[in-house]
Amino acid sequence: MPPPPAARPPPRPRKLAKVPFVELADGRLQGVVSSGSDIGRVYVSSVTARTYAFSCSTNNNRPCGGARGMFCKHIQALVGEAVLQYGAERVARYLAVDPPDGEPDAQSLTAAMTATRPVKGDSAAAAQVFSRFLRHLAYLELVPVTFPLPEMQWFPPTRAVA
């Protein structure tokens, strides 16, 4: 049996201060983007696969002023950081974007999605995304230990006795 594939490192380092949380989950590219003007405000942004319906709102559910009929700067930053974390090909595959010929990048993916004139989507998932972000932050506050954390044990032990 061949060895399991090794985890791939991100294509390039991300700017965690600008986009601290990005994920491809629940049929969306979604994440948390820091406000450029207020250190206490973040935006929860998402783009739905295939339709590219988008939503962007603050952490206290106020709508983003820039997401009126087109992708705001928060969504553009989210796409850019997703490309850094996952690679352009993986993001394009997940969102079902058909980028123009050549090597895809964040700008070409964003251009291909906005060319379809996506509609503003529902921001109902924003609370779940923000909650996952807060859970990730909690792990940063833990003291480093060498024993396993029960909530991080996703897979059963391989040497379990039946």
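In what follows, the structure referred to is the one given above.
Rules behind the numbers
Residues numbered from 1 in each chain as written. Predicted model: local features only at pLDDT ≥ 70, side-chain atom pairs only at ≥ 80, totals over all residues. Heavy atoms only, no water. Pairing = 2+ DSSP bridges. Helix = DSSP H or I, 4+ residues; strand = E, 2+ residues; numbered from the N terminus. Axes fitted to C-alpha atoms, helices over the stretch in contact; angles between N-to-C directions. Contact = heavy atoms within 4.5 Å. Buried < 20%, exposed > 50% of the residue type's maximum accessible area, 1.4 Å probe, protein only. Core = buried A, V, L, I, M, F, W, Y, C linked by side-chain atoms within 4.5 Å. Salt bridge = Lys/Arg side-chain N within 4 Å of Asp/Glu carboxyl O.

*Asks:* So what's going on with the sheet that holds strand E1 (residues 21-25)? Residues and values would help.
*Replies:* The sheet built from four strands is open, its strands ordered E1-E2-E3-E4 with antiparallel pairing. Whereas interior strands pair on both sides, the edge strands pair on one side only; in this sheet they are E1 and strand E4 (54-58). For this sheet, the mean angle separating the axes of adjacent strands, direction not counted, is 10°. Direction of pairing for E1 relative to strand E2 (residues 28-34): antiparallel, over a ladder of five bridges. Looking at the pairing, Phe-21 lines up with Val-32 of E2. Across the face of the sheet, helix H4 (residues 126-140) comes into contact with E1, E2, strand E3 (42-48) and E4 while running at roughly 125° to E1.

*Asks:* Account for the pairing of E4, naming residues and giving values.
*Replies:* Here is the key point about a regular strand: its side chains alternate between the two faces of the sheet. Burial within E4 is extensive, with five of its five residues counted as buried. Burial of E4 is two-sided: the residues Phe-54, Cys-56 and Thr-58 facing one way and the residues Ser-55 and Ser-57 facing the other way are all buried. Summarising the sheet, E3 and E4 pair through five bridges and their orientation is antiparallel. Across the sheet, the residue bridging to Ser-46 is Ser-55, located in E4. The antiparallel hairpin formed by E3 and E4 contains five residues in its connecting segment, where Arg-50 sits at a positive phi of about 75°.

*Asks:* I'd like a rundown of the nonpolar core, residues and numbers included.
*Replies:* Side chains of nonpolar character tend, in soluble globular proteins, to be buried together. Leu-29, Ile-75, Leu-95, Val-97 and Met-113 are the most contacted members of the largest nonpolar core, which totals 30 residues. Elements with a minimum of two residues in this core: E1, E2, E3, E4, helix H1 (73-86), helix H2 (88-95) and helix H3 (106-114). Setting aside residues no more than four positions away along its own chain, Ile-75 makes contact with Ser-45, Ser-46, Val-47, Phe-54, Ser-55 and Cys-56. Counting residues in each nonpolar core, the second largest holds eight residues, with Phe-21, Val-32, Val-42 and Ala-126 among its members.

*Asks:* Hey, could you go over the pattern of salt bridges for me, with residue numbers and the actual values?
*Replies:* Enumeration over the complete set of coordinates arrives at four salt bridges. The partner of Glu-23 in a salt bridge is Arg-132, with the nearest N and O atoms 2.7 Å apart. With a gap of 109 residues between them, Glu-23 in strand E1 and Arg-132 in helix H4 connect regions that are remote in the sequence. Judged by its relative accessible area of 12%, Glu-23 falls in the buried class. In this structure Arg-132 comes out as partly exposed when scored by relative accessible area, which is 25%. With its nearest N and O atoms 3.1 Å apart, the salt bridge here joins Asp-26 to Arg-132. Of this pair, Asp-26 sits in the loop between E1 and E2 while Arg-132 sits in helix H4, and the two are 106 residues apart along the sequence. Bridged by salt links that share partners, the residues Glu-23, Asp-26, Arg-28 and Arg-132 form one connected network.

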